[in-house]
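Coordinate inspection notes
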Amino acid sequence: MAVLKVKFTKTKRDKLAQILWILNWVSVVSGIILFSLGLFLKIELKKRNEVMAKGNINSVPNMLISVGVIACIINFLGGKICYDCSDANKFSRWKLVMLPYIVCTFCFTFCILVGALMCYSMRNELEESLYLGLRDAIKFYKDTDIPGRCFLKKTVDLLQIGFRCCGNNGFRDWFEIQWVSPRYLNMASKEVLDRLKSNVDGKFLVDGVPFSCCNPSSPRPCIQYQLTNNSAHYNYDFLTEELNIWMKGCREALLDYYTGIMRSIGIAALLIWLFELSVLTGVRYLQTAMKNVLLLGDLQGESDGWLLENSFVETAKYNINIIKNLGKANQISTVSSMNDPNTDIQNTDCGKTNVTTKSIPAAR
């Protein structure tokens with residue numbers, strides 16, 4: 001029994017073909033939107049690749065870009081097919097193409113759904129990439145004279161100012177590394193030498209942060225050094241002072257930023273997937289209705305259209321049997337070969353046993 005069978009008149013078939021022709025062109029626009037969203041996300045990730053570790057974070061934008069391009073091609077072809085389906089004579093040349101087209105379009109719409117879900121599952125990979133990338137960027141913050149790292153100070157400073165953040169997880173990350181370049185250290189100073197000797201790594205560690213961590217909205221001048229020393233500053237308590245420097249870590253700030261972008265892109269991709277699924281459903285109805293018209297031979301009469309010719313269970317069993325029999329197409333059945341008269345040939349004994357030899361009469 002057919003699934004969701006609908007009866008179509010000649011007028012309904014023509015209107016369905018015209019509507020699907022318009023919707024396929026709208027789908028071309030949706031493909032351009034998917035392509036644009038993927039390109040936008042790729043550019044946003046590229047902007048801050050200096051503070052991101054290498055990984056598979058570009059898989060989502062690449063997926064959206066690819067799906068967007070395929071959407072434009074498939075829906076352009078679909079518009080042409082639906083336009084010709086308003087004429088039964090023109091439909092004849094597309095009759096063998098429509099079923100493969102519907103199968104390919106179904107796979108394509110499934111890829112849109114996968115791309116939408118990937119936008120929501122990318123958070124963990126992005127968080128790990130940001131953690132490792134920011135850790136290395138902060139570690140090399142002081143290396144302004146080393147080629148390949150001299151840009152990291154500017155990158156980190158602009159990042160902390162723009163996203164109102166400090167450090168990787170928080171401002172205390174700066175306490176664990178030497179972020180002041182050695183060229184600005186007075187090696188003749190006893191205080192500097194004492195700090196260098198105070199740890200096994202010989203680093204100049206201070207309880208201070210770069211200027212880019214300062215909050216310009218703070219009512220008092222920014223306190224960058226001796227942040228944990230209440231006696232070093234007047235009327236200061238580092239446990240309650242929250243307006244002086246940014247308290248949020250840059251990893252959290254960037255993660256929130258990209259999560260918001262990917263959430264919006266995921267919603268847009270889900271809406272496009274639902275739209276493409278509705279268009280695909282209409283194309284399936286049009287294909288089956290036009291096919292039945294040709295079988296009936298009455299081009300002006302009514303015809304049935306459906307999503308599946310048989311029930312879901314029967315269709316699943318049929319497709320499973322096709323898959324199972326794919327590898328058996330070139331195999332010869334042993335039973336058939338035994339009953340085949342063409343293969344029932346007795347073996348000839350080529351040995352010399354029991355063979356009677358006839359003598360050739362001698363010439364007289």
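- The name given to the protein chain in an unreviewed UniProt entry is RDS2 protein, and the organism recorded there is Eulacestoma nigropectus.
- Under the heading Subcellular location (unreviewed entry), UniProt records this for the protein chain: "Membrane".
- We quote the UniProt Sequence similarities (unreviewed entry) comment for the protein chain here in full: "Belongs to the PRPH2/ROM1 family."

**Examining the overall build of the protein chain**
- From N to C terminus, the protein chain includes ten helices and two strands.
- Ordered by position in the sequence, the α and β elements of the protein chain form the string β-α-α-α-α-α-α-α-α-β-α-α.
- Intrachain contacts of the protein chain at a sequence separation of at least 6 include 74% that bridge at least 24 residues.
- Counting only carbon and sulfur atoms, one obtains 60% of the accessible surface of the protein chain, whose full area is about 22600 Å².

**Some remarks on the packing of helix 2 (residues 59-84) against helix 4 (residues 95-121)**
- Running from N to C, helix 2 and helix 4 cross one another at 150 degrees; their axes reach a closest spacing of 10 Å. In terms of axis orientation, helix 2 runs roughly antiparallel to helix 4. Regarding helix 2 and helix 4, the two cross each other, and that crossing is left-handed. Between helix 2 and helix 4, the contacting residues are S59, V60, M63, L64, V67, I70, A71, I74, N75, L77, G78 and I81 on the first element and M98, Y101, C104, T105, F108, C111, I112, V114, G115, M118 and C119 on the second.
- Taken together, the residues of the contact of helix 2 with helix 4 break down into 18 nonpolar, five polar and no charged.

**A look at unusual backbone geometry**
- The residue R164 is not glycine, and still its phi comes out positive at about 55 degrees.
- For R164, the position within the fold is in the loop between helix 6 (152-163) and helix 7 (190-197).
- Backbone geometry at N235 places phi at a positive 50 degrees, although glycine is not the residue there.
- Of note, N235 is situated in the loop between helix 7 and helix 8 (250-296).
- By relative accessible area, which is 63% here, N235 ends up exposed.

**Digging into a nonpolar patch on the surface**
- Taken together, the side chains of W21, I22, W25, V26, F76 and Y83 make up a nonpolar region of the molecular surface, amounting to roughly 620 Å² of accessible area.
- Where the nonpolar patch is concerned, the elements lending two or more residues are helix 1 (10-47) and helix 2.
- With four residues, the top contributor of residues to the nonpolar patch is helix 1.
- Looking at where I22 falls in the secondary structure, it is placed in helix 1.
- A residue is classified by how much of its surface remains accessible, and I22, at 49% relative accessible area, is partly exposed.

**Side note on the state of the cysteines**
- Taken as a whole and judged by the stated rule, the model has three disulfides.
- One disulfide in the model links C165 with C250; its S-S distance is 2.1 Å. In this structure, the disulfide formed by C165 and C250 twists by about 85 degrees around the S-S bond and is classed as right-handed. Taken as a pair, C165 in the loop between helix 6 and helix 7 and C250 in helix 8 lie far apart in primary sequence, 85 residues in all. For the pair shown, C165 and C250 are each scored as buried.
- The disulfide bridge from C166 ends at C213, spanning 2.1 Å between sulfur atoms.

**Some words on the nonpolar core**
- By size, the foremost hydrophobic cluster in this structure holds 77 residues, and its most contacted members are L126, W174, V209, L227, Y258, V283 and L286.
- Of all elements in the fold, only helix 1, helix 2, helix 4, helix 5 (123-139), helix 6, helix 7 and helix 8 reach the threshold of two or more residues within this core.
- The leading source of residues in this core is helix 8, at 18 residues.
- Beyond its immediate sequence surroundings of up to four residues, L227 is in contact with F171, F175, D207, G208, V209, Y236, F238 and I245.

**As for the UniProt feature "transmembrane region" (unreviewed entry) in the protein chain**
- UniProt annotation of "transmembrane region" (unreviewed entry) refers to residues 20-40, 60-78, 98-120 and 265-286 when read in the numbering used here.
- Along residues 98-120, the helical share is 100% and the strand share 0%, with 34 Å between the first and last C-alpha atoms.
- Note that residues 265-286 is 100% helix and 0% strand, and that its end C-alpha atoms are spaced 31 Å apart.

**Examining the environment of I245**
- Mapping I245 onto the fold places it in the loop between helix 7 and helix 8.
- Judged by its relative accessible area of 5%, I245 falls in the buried class.
- On a C-alpha basis, the gap between I245 and C213 in space is 5.4 Å, while along the polypeptide they are 32 residues apart.
- I245 has contacts with F171, V209, C213, C214, N215, C222, I223 and L227, leaving out every residue within four places of it along the chain.

**Examining the pattern of salt bridges**
- Counted under the stated rule, the structure contains eleven salt bridges.
- In this structure, K142 and D143 form a salt bridge, with 3.7 Å as the shortest nitrogen-oxygen distance.
- Since its relative accessible area comes to 21%, K142 is described here as partly exposed.
- In this structure, the salt-bridge partner of D145 is R183, at a minimum N-O distance of 2.9 Å. Of this pair, D145 sits in the loop between helix 5 and helix 6 while R183 sits in the loop between helix 6 and helix 7; the two residues are 38 residues apart in sequence, bridging distant segments of the chain.
- Each of the salt bridges in this network shares a partner with another, and the network as a whole consists of E44, K47 and R48.

How each quantity is defined
Residues numbered from 1 in each chain as written. Predicted model: local features only at pLDDT ≥ 70, side-chain atom pairs only at ≥ 80, totals over all residues. Heavy atoms only, no water. UniProt positions renumbered as here; feature names shortened; annotations may be inferred. Helix = DSSP H or I, 4+ residues; strand = E, 2+ residues; numbered from the N terminus. Contact = heavy atoms within 4.5 Å. Areas by Shrake-Rupley, 256 points an atom, 1.4 Å probe, with all protein chains shown as cover. Axes fitted to C-alpha atoms, helices over the stretch in contact; angles between N-to-C directions. Parallel < 35°, antiparallel > 145°, perpendicular 65-115°, else oblique. Left-handed = near helix turned anticlockwise from the far one by under 90°. Nonpolar A, V, L, I, M, F, W, Y, C, P; charged D, E, K, R; others polar. Buried < 20%, exposed > 50% of the residue type's maximum accessible area, 1.4 Å probe, protein only. Patch = residues over 30% accessible without salt bridge, like charges linked within 9 Å, V, L, I, M, F, W, Y side chains within 5 Å. Salt bridge = Lys/Arg side-chain N within 4 Å of Asp/Glu carboxyl O. Disulfide = S-S within 2.5 Å. Core = buried A, V, L, I, M, F, W, Y, C linked by side-chain atoms within 4.5 Å.

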